[in-house]
Amino acid sequence: MSRFRPPPWLVLLLPAIIILTAVVMIPLLLSLYSSFTPYRLTRPETLYKWIGTFNYEKAMKSAHFWAAFGRTILLLTIALNLEMLMGLGLALLVNKVTYGQRALRTVMMFPMMFSPILVGFQFKFIFNDNVGLVNNALQSLGLSNVAIPWLVDGQLAFTAILVAEMWSSTSVFAILILAGLFAVPRDPIEAAKVDGCTPWQSFRHITLPYIMPFIYIALAIRSLDVARAYDIVQIMTNGGPARRTELLWTLIGRTGYVDAKMGYANAMGYISIFLAIFFTIYFFRKLNAARSELGMAG
Amino acid sequence: MNENLLHRIRGRLLKALHFVTLFIAMAIICVPGLWVVLNSFRPTVEIMAKPPVWVPGELNLDNYRAMFGAVGEGGVPVLQYFTNSLIISVTSTLIAILVGMAGGYAFARYRFKGKASIFIGLMLTRAVPGVSLSLPLFIVMAKTGLIDTHIGLILVYVALNVPFTIWLIDGFFRQVPVELAEAAEIDGCTRWQAFWKVEFPVARAGVASAGIFAFLTSWNEYALASQLTRSTFSKTMPVGLRDFTSEFTINWGGMCALAVLMIIPALILTFLVQKHLIAGLTFGGVKG
Amino acid sequence: MAQVHLQKVVKKYGSLQVVHGIDLEIADNEFVVLVGPSGCGKSTTLRMIAGLEAISGGEIKIGERLVNDLPPRHRNISMVFQNYALYPHMTVRENLGFSLKIAKRPQQEIDKAVDEAAQILSLTEYMDRKPGALSGGQRQRVAMGRAIVRHPEVFLFDEPLSNLDAKLRTQMRTEIKKLHQKVKSTIVYVTHDQVEAMTLADRIVIMRDGYIEQVGTPLDVFETPANTFVATFIGSPPMNLLHGRVTGNEIAIDGGPAIGVPEPFTGKVQEGQKVILGFRADNLMPYGHAMPMESGCAEFDMTVNLSEPLGTETLLFGSLAGKEVQAKMLNPRPVADGERLQFRLDLARCHLFDADSQQALR
């Protein structure tokens, strides 16, 4: 008669599983359930009324929802791509430095220490039409004699948010890609040089395939963390003016907390969760593909 | 001769271009932060001046004095927020490290069925956007009475940090050769002793950096904290930043001072950990 | 086809000088091996020829062209690296054809060159594998194949065999030698292994601490080493060196027997001069187990501390004048440790170095 003994790995993983179940899974199940009810914070009894997929249908028919959805995808696509390119550029620049590189690397990590909400306030300040750094500089240099309404005009506000988001996250890419560049063996690069490659060709044919996995790691990490943008947007414009910078997350927050329509907000929340999971899995798959390309799998 | 000269000149030009580009890039990274620091030492009048004052006329500690004063400027209890942040971040980090170390060790050292899916499953919990999670959490916490308490936020941050901590620590333990623990066991250690006496010390730097990373996440988190805290008793600094805003005006000077207070611990910790952090992220990912 | 010409080539890293103005002429089609202990500057020299390291002073010419500042791609060279440096994400075929593809040669020509190289190195079976799926020897061959498809003017080899096991190394050494006969071009080859240097080279360049110690054919450097460093570096086991002083027409070994001044050196040494007597194990043999000696020989007793039977011969370790001395025994019989034997030293094959300058007396 031997008592059942769980395998050691399960014992070790149990605390993690318990806490994630309690704090993430159970609330998510609750929110899944509530997304099928007309639950409002102010009227608890609404939690027990089943309305099927009404909330989802409502979201699907809502122009506000689709505008926010499209804008979120647009922001993510532009931001992730630009951050990746600029991060790559920055990493290449720093990688070429031989003297004082440690200091530069440290400076490069500077924006990573800033809380996203701080980034939001900082750029709200910088893009302030009256006392902001950008307008002050433009006016003092005589490039513009009017105060540009950075955070009031829809297009400009989107740009301003993009700049803030890129400032805060480009360094994540730069750091990870730099780590990738350090890991590129020197020999194949030299072999390529001897084989007749121009610097661009060695980069394109040798260095890039080597750092692709690192680029995808950065993309995966960033997409895990992409809702950081919520903090920035919430502070800079809070979706305004007149919903012109509304993202999925600000829409959810407003619907849930300001309008107190929890059921509806949770339905949209689920859509945002699937969006994030989609991006993450997509990049993880790319990562694996890039790894097996280099024969590093397994 | 000509050919050589041409290549030499081109090399020099590229070097100069490289230097200039690098300088501009670094300036863009530094200026916004430095501007905040600078403004925290300037009187509000000067910050708001039109036309702008480029060369600061006077630098003083008024904003800091107001911040730490009995009734902070505008009545923002900065010290209380600082304490809250510290308690919540440190406690949640410690717990996350313990939980993450157990989990990371399991992934690094044991083979079991469905390992990859469990790993991805854990990671995906991190992909849930803060706002989306905050809605149901708000309901649960309200029901269990954990809302507006330190414990509530600590639990949330542990859950937030565990996946990433597992990722990092897994990577670090993988770099410790299995033979090391085996040698220790042959030398007479139990598995438990082998871990604490041999494997843990070797991976300690990595564990520390995972901890600092977790600390920074908790320290800087806003989306969840803004909904799960209500009073001065539990508000953290990122939430406290909002106290400087009112309907139409923002106290920029005071806010900049609080921002500096928030950044300094983050700055110190990041410097300490930067090398290990990069190694951890990439080892965890690439050597999969 | 091209010669390589180095004139007063210097390499500095900041204030640290690692190559001190070396001069070297390498003829067309010549197989030159740079050899020396690690840190002697041999790899740096090779990399300067390749253009992978900038030169800090002097001139490098390939053919008649000055290449001081040219990037590697303009030098018409190929290089085989120590760690193979294969492109891990390309198949063997793509690896071999990469340089031609970069040069935008027509596909037909690329295929032809690649197939030809694959034939020479018997790689045809592995063409669609990636380097990760090849053994060490196969990777090495791919690396060589990649070098030959381009038909460069100069081949550079940077310790190409050091990652292979002993058996493969011998085999690849032969292949490299054959390859040189087939493709007929100038080869500069770096190694720290003197056996490799001896077997492959037309001429050996022995380097130490950024200076060239001696240049010569393998037999030259073996038989007439220019100084004590070359004497101990080339040949295995290393040459025995004993300090002594010239007295009359004998050399009194410090704390040991006196040995007649070897005939080639009579009249070239002065009374009282401090010298170093050098001789190889092959020329010190126990009485009755020796080769006939052409002219004079010295005889003395020595205790054998240790013997290493190698089959056809036995290596004996004795001590003479407090120094360990190695000798060889032909047609060996078992030797007990501590046995005292009478040895004969072939004076005609001894070397004499000046003790102060360490240079050979000629």
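The structure under discussion appears in the preceding block.
One structure accompanies this document, and this report is about it. (Residues numbered from 1 in each chain as written. Chains lettered and ligands numbered in written order. Predicted model: local features only at pLDDT ≥ 70, side-chain atom pairs only at ≥ 80, totals over all residues.)

**Concerning the environment of Arg12 of chain B**
Right, so step 1: With respect to the secondary-structure elements, Arg12 of chain B resides in helix α1 (residues 2-40).
Right, so step 2: For Arg12 of chain B and Tyr157 of chain B, which are 145 residues apart along the polypeptide, the C-alpha to C-alpha distance reads 51 Å. (Helix = DSSP H or I, 4+ residues; strand = E, 2+ residues; numbered from the N terminus.)

**Quick notes on the nonpolar core**
Right, so step 1: Ranked by internal contacts, the top residues of the largest apolar core, which has 271 residues, are Ile177 of chain A together with Val188 of chain C.
Right, so step 2: If you tally residues by element for this core, the top one is helix α7 (residues 150-175) of chain B, at 16 residues. (Core = buried A, V, L, I, M, F, W, Y, C linked by C-beta atoms within 7 Å. Buried ≥ 20, exposed ≤ 12 C-beta atoms within 10 Å, placed from the backbone.)

**Structural notes on the sheet that holds strand β16 (residues 297-309) of chain C**
Paired through backbone hydrogen bonds, the strands of a sheet run either parallel or antiparallel to each other.
Residue and element names in this part refer to chain C.
Right, so step 1: Across the sheet, which stays open at both edges, the five strands sit in the order β15-β19-β16-β17-β18 with antiparallel pairing between neighbours. The two strands at the open ends of the sheet, each matched to only one other strand, are β15 (284-286) and β18 (323-330). For this sheet, the mean inter-axis angle between neighbouring strands, taken without regard to orientation, is 50°.
Right, so step 2: Taken together, the seven bridges between β16 and strand β19 (residues 340-346) define a ladder with antiparallel strand orientation. Note on β19: the bridge partner recorded for Met302 is Leu341. (Pairing = 2+ DSSP bridges. Axes fitted to C-alpha atoms, helices over the stretch in contact; angles between N-to-C directions.)

**Examining the packing of helix α4 (residues 101-108) of chain A against α1 of chain B**
Right, so step 1: One way to put it is that α4 of chain A packs onto α1 of chain B with a least axis distance of 10 Å and a crossing angle of 45°. One way to sum up the angle between α4 of chain A and α1 of chain B is to call them oblique. Of the two possible hands of crossing, α4 of chain A and α1 of chain B adopt the one that is left-handed. Across from Leu104, Val107 and Met108 of chain A in α4 of chain A, the residues of α1 of chain B making contact are Met26, Ile29 and Cys30 of chain B.
Right, so step 2: Among the residues making up the contact of α4 of chain A with α1 of chain B, the classes are represented as six nonpolar, no polar and no charged. (Parallel < 35°, antiparallel > 145°, perpendicular 65-115°, else oblique. Left-handed = near helix turned anticlockwise from the far one by under 90°. Contact = placed C-beta atoms within 7 Å. Nonpolar A, V, L, I, M, F, W, Y, C, P; charged D, E, K, R; others polar.)

**What to know about unusual backbone geometry**
Residue and element names in this part refer to chain C.
Right, so step 1: Residue Pro237 is bonded to the preceding Ser236 through a cis peptide linkage, with omega at -5°.
Right, so step 2: Inspection of the secondary structure puts Pro237 in the loop between α8 (228-233) and β11 (240-247).
Right, so step 3: Its identity is not glycine, yet Ser122 carries a phi of approximately 45°, on the positive side.
Right, so step 4: Within the element layout of this structure, Ser122 appears in the loop between α3 (107-120) and α4 (136-148).
Right, so step 5: For Ser122, a count of 12 C-beta atoms within 10 Å translates into the label exposed.
Right, so step 6: Phi at Glu159 takes a positive value of approximately 40°, unusual for a residue other than glycine.
Right, so step 7: Looking at the secondary structure, you find Glu159 in the loop between β7 (154-158) and α5 (166-183).
Right, so step 8: By the C-beta count within 10 Å, which is 20 here, Glu159 ends up buried.

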